[in-house]
Amino acid sequence: MLVAEVRACIEAHAMLPQGAKVVVAVSGGADSMALLFALFQLRSMYNMTLIVAHVNHQLRGEEAEQDALFVEKQAAQLGLPFHQTCVDVKALQQSSGISVQQAARQLRYRFLYALHQALNATRIALGHTADDQAETLLMRLVRGSGPTGFAGIPTVRLPFIRPLITVSRPVIYSYLQSEHCPWVEDSSNAHMIYLRNRVRLDLLPKLQQYNPQIVRRLNELADMLRADSQVLEQQVDEWALQTLAWQAQSRVEICCRLFGLAPMAIQRRLLRRVIEALAASPEAVGFRHIESLRQFIVSEKHGRRCSLPGEIGAERRAETILLWNASKTPALSYVLVLPVPGKVDIIPLNIRLIADIISKPRNLGRIGPQWALLDLDRTICPLHVRFRQPGDRFYPLGSPGSKKLQDFFVDTKIPCRERPYVPLVVSNHEIVWIVGHRIAEPFKLRPETNRVLRLQCCTLQEASS
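Source: prediction; values computed, not measured.

Asker: For the sheet that holds strand β15 (residues 371-375), give the residues involved together with the corresponding values.
Answerer: Spatial ordering of the open sheet is given by β13-β14-β22-β15, a layout of 4 strands whose pairing is antiparallel. The two strands at the open ends of the sheet, each matched to only one other strand, are β13 (342-346) and β15. When strand polarity is set aside, the average angle formed by the axes of neighbouring strands in this sheet is 20 degrees. As paired elements, β15 and strand β22 (residues 451-459) share 5 bridges and run antiparallel to each other. Following the sheet pairing, Ala372 is matched in β22 by Leu455.

Asker: Tell me about the state of the cysteines, residues and numbers included.
Answerer: Across all of its chains, the model carries 0 disulfides by this definition. No disulfide involves Cys9; its sulfur sits 19 Å from the nearest other cysteine sulfur, which is in Cys181. Taking relative accessible area as the criterion, Cys9 reaches 3% and is therefore assigned buried. With no disulfide partner, Cys256 has as its closest neighbouring cysteine sulfur the one in Cys255, 6.8 Å distant.

Asker: Hey, could you go over the sheet that holds strand β21 (residues 438-439) for me, with residue numbers and the actual values?
Answerer: In spatial order, the strands read β12-β16-β19-β20-β21; together these 5 strands make up an open sheet with antiparallel pairing. Only two strands of the sheet have a single neighbouring strand rather than two, namely β12 (336-338) and β21. For strand β20 (residues 430-434) and β21, the ladder comprises 2 bridges, and the chain directions are antiparallel. Residue Trp433 lies in a different strand from β21, and its bridge partner there is Ile439.

Asker: Kindly report on the packing of aromatic side chains, identifying the contributing residues and their values.
Answerer: Enumeration over the complete set of coordinates arrives at 5 aromatic pairs. Judged by centre distance (5.1 Å) and plane angle (45 degrees), the rings of Tyr109 and Phe160 are tilted. Placement of the pair is Tyr109 in helix α5 (residues 100-118) and Phe160 in strand β6 (residues 160-161), with a sequence separation of 51 residues. Pair check on accessibility: Tyr109 and Phe160 agree, each one buried. Seen from their ring centres, Phe408 and Phe409 are 6.4 Å apart, and the 55 degrees between their planes marks the pair as tilted. Taken individually, Phe408 and Phe409 each receive the classification buried, so the pair is uniform in this respect. Members of the aromatic cluster, joined through ring pairs, are Phe394, Phe408 and Phe409. Looking at Arg105, its charged tip hangs above the ring of Tyr109, at a distance of 4.3 Å from the centre.

Asker: Which residues make up helix α1 (residues 2-12), and what are the values?
Answerer: For α1, the full list of buried residues reads Leu2, Val3, Val6, Cys9 and Ile10. For α1, the angular spread of the buried residues around the axis is 125 degrees, confining them to a single face. Those residues of α1 that are exposed and aimed more than 90 degrees away from the buried face are Ala4 and Ala12. Elements in contact with the buried residues of α1: α2 (30-46) and α8 (169-178). A positive backbone phi angle near 45 degrees is found at Ala14, which sits one or two residues after α1.

Asker: Can you tell me about the pairing of strand β19 (residues 424-427), naming the residues and giving the values?
Answerer: Alternating residues of β19 divide into Leu424 and Val426 and Val425 and Ser427, and every residue in both groups is buried. Two strands pair when backbone bridges link them, and β19 and β20 are joined in this way by 4 bridges, in the antiparallel orientation. Its bridge partner being in β20, Val426 is matched across the sheet by Ile431. In this antiparallel pair of consecutive strands, β19 and β20, the connection spans 2 residues, and Asn428 shows a positive phi of 50 degrees.

Asker: Any details on the nonpolar core? Residues and values, ideally.
Answerer: Counting residues in hydrophobic clusters, the biggest one holds 43 residues, and the most contacted among them are Leu2 and Leu16. Within the residue set of this core, elements represented by two or more residues are α1, β1 (21-25), α2, β2 (49-56), α3 (62-78) and α8. The element that contributes the greatest number of residues to this core is α2, accounting for 11 residues. Core analysis: the next-biggest nonpolar cluster, separate from the first, contains 35 residues, Ile346, Phe409, Val422 and Val435 among them.

Basis of the calculations
Residues numbered from 1 in each chain as written. Predicted model: local features only at pLDDT ≥ 70, side-chain atom pairs only at ≥ 80, totals over all residues. Heavy atoms only, no water. Pairing = 2+ DSSP bridges. Helix = DSSP H or I, 4+ residues; strand = E, 2+ residues; numbered from the N terminus. Axes fitted to C-alpha atoms, helices over the stretch in contact; angles between N-to-C directions. Disulfide = S-S within 2.5 Å. Buried < 20%, exposed > 50% of the residue type's maximum accessible area, 1.4 Å probe, protein only. Phe/Tyr/Trp six-rings, centres within 6.5 Å; stacked < 30°, edge-to-face > 60°. Lys NZ or Arg CZ within 6 Å of the ring centre and 35° of its normal. Arc of directions from axis to C-beta. Contact = heavy atoms within 4.5 Å. Core = buried A, V, L, I, M, F, W, Y, C linked by side-chain atoms within 4.5 Å.

Here it is in structure tokens:
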């Protein structure tokens, strides 16, 4: 029965191409041993090559050593190659501040993926079951999650596959006993300090008193939400192309008008995608933070700036919202030449600066922050573009004298983490324009001005459209 279910799952999700080389993650427990033996029985059907992989997390001393020896022995009896590693879970947990289970998972997946690459394998098979799926949904319900979280553990996320994801644990034990397959018990599975163990040993049995089919029902819920999520994510992909302008994966500009046209469900998923790319710890950004950011974007009543956990900042610009993570944004120390007329691209910031010469306009009207009009006869060309340096001073438009650039940033409330990334247009070492903020008083247009230097700042997407 189990082998038939595994085959049906493989076929339904097109998990295995013919001739696949599969790394099988085997802890020695019941689930992973059932996975190994089932794939071994199906190997000729798919012309599979199986490789056994084991990770010793060094959390259970001698017991963990015995588990590794057990898995190595089982691989040898099946005539399969065996690879193992020891990882320092506690060191990662202490250095990163994550839980022991999170650290173990990160190191385990890191080893499996590295082995997959080194051996030129096709797939990595994991032993998650229907019970694991149900436990995961209940854990996310307790901790708090959205529709994407309740989609549960993915059946396939290449190169990872989970052929046992539809199989319940009772079926697994029945299969192992009928096939006389040995397995080992992990003593830590009984420790109630772990949330998953409390869900498995306490909460799930209580729910089964209300509905004996609760595991199946939770798996059906995950299946439905996963299918719904796939459709929504396809729509998010389309909206993201129009709405988001990435800047080296550490900053992103969101077009407010287009974002406002998207349905609320798409808006929230867009922001979640952005946060997952920007934040070092996306899990620290919860629903209330996402909703606060969404409201900030769609309504100008919510001010000019917004901040979120994980060093994420947001600033309202003319028609966009800029989000960034200061810790992930590289420092910019180079100097670029801006010919007149001409253009220069600042790739990490996803912007282009354009300079051209125009006739003096009769009526200046209101000039947006992304434009600057300067007296060409007072500038020395070519211009240069750089970023702040110690000792920089600036003559702000309308000011009787100069002030430190640092003081200007403070006075205009430019956030500290944003200041290193504000471009400065310079003429003969003198700042003529703090891009997006202010031109310099000595270079403003006067009644006697004859030739006008026009500067524009736009995104690379706007420049190419």
